[in-house]
Amino acid sequence: MLDGDLVDTAFTTAQLAELERTLMRAGESTGAHFSAYVGKLPARRDSALSIHRQLDDPDMSVLVAVDPESRFVEVVTGAIVRDHLDDQSCRLACLTMTSRFAIGDIAAGIRDGIIVLGDHARSLRVLPTDLPD
């Protein structure tokens, strides 16, 4: 899901479609629910946490929240996802995004960050098995 008060003005139709596909692929490959919010985050992290709590299944959700005007990005992970997507992976995704943002490409930054998060969260789909002795 892609949402926010700047989504309609910040991206072209093609960029919106690509971001939606990227969110969907990350979700399909991990079992988590990926969302992105692009808009004002007046309370920064607290705003991102509030948006995350409003998602359908917050425990299984990952939110990428971006406020382009204040140059702020936050990744919020749900309780279950957090066991498979650590802080270091989230920092790497944020670094990936901010490097793209620095050259003015918000859509590609969000896309690349979600790809990093999806790649690092793939272990959600791994099921334990009993191996013979």
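Residues numbered from 1 in each chain as written. Predicted model: local features only at pLDDT ≥ 70, side-chain atom pairs only at ≥ 80, totals over all residues. Heavy atoms only, no water.

1. So, the sheet that holds strand 4 (residues 72–77)
Piece 1. What the 4 strands build is an open sheet, ordered 1-2-3-4; its pairing is mixed. With partners counted over all chains shown, the strands left at the sheet margins are strand 1 (2–3) and strand 4, one partner each.
Piece 2. Strand direction decides the pairing type here: strand 1 and strand 2 (residues 33–38), joined by 2 bridges, are parallel. In the strand pairing of strand 2, L2 is matched with A36.
Piece 3. Taken strand by strand, helix 3 (residues 45–53) contacts strand 2, strand 3 (61–67) and strand 4, and its axis lies near 40° from that of strand 4.
Piece 4. Helix 5 (residues 87–101) contacts strand 3 and strand 4 of the sheet and is inclined by roughly 150° relative to strand 4. (Pairing = 2+ DSSP bridges. Helix = DSSP H or I, 4+ residues; strand = E, 2+ residues; numbered from the N terminus. Contact = heavy atoms within 4.5 Å. Axes fitted to C-alpha atoms, helices over the stretch in contact; angles between N-to-C directions.)

2. A few points about the nonpolar core
Piece 1. Of all hydrophobic cores here, the largest spans 29 residues; its most connected members are F34, V75, M97, I110 and L117.
Piece 2. Secondary structure elements with two or more residues in this core: helix 2 (13–30), strand 2, strand 3, strand 4, helix 5 and helix 6 (106–120).
Piece 3. Excluding its chain neighbours within four sequence positions, the residues that come into contact with M97 are V64, V73, V75, G109, I110 and G113. (Core = buried A, V, L, I, M, F, W, Y, C linked by side-chain atoms within 4.5 Å. Buried < 20%, exposed > 50% of the residue type's maximum accessible area, 1.4 Å probe, protein only.)

3. Points about the pattern of salt bridges
Two side chains carrying opposite charge are able to pair once their charged atoms lie near each other.
Piece 1. One pass over the full model with this rule turns up 5 salt bridges.
Piece 2. Between E74 and R45 there is a salt bridge, and its shortest N-O distance comes to 2.3 Å. One end of the pair, E74, is in strand 4; the other, R45, is in helix 3, with 29 residues separating them in the sequence.
Piece 3. Taking the relative accessible area as the measure of exposure, R45 reaches 40% and is therefore partly exposed.
Piece 4. For D112, the salt bridge identified is with R111, shortest N-O distance 2.9 Å. One exposure class covers both D112 and R111, and it is buried.
Piece 5. Salt bridges here are not isolated pairs; linked through shared partners, they connect E18, R100, D105, R111 and D112. (Salt bridge = Lys/Arg side-chain N within 4 Å of Asp/Glu carboxyl O.)

4. Focus: the packing of helix 2 against helix 6
Piece 1. Put simply, helix 2 and helix 6 touch, their axes get as near as 9 Å, and they point 5° apart. One finds that helix 2 runs roughly parallel with respect to helix 6. Along its contact with helix 2, which presents Q15, E18, L19, T22, L23, A26, S29 and T30, the element helix 6 presents A107, I110, R111, I114, I115 and G118. (Parallel < 35°, antiparallel > 145°, perpendicular 65-115°, else oblique.)

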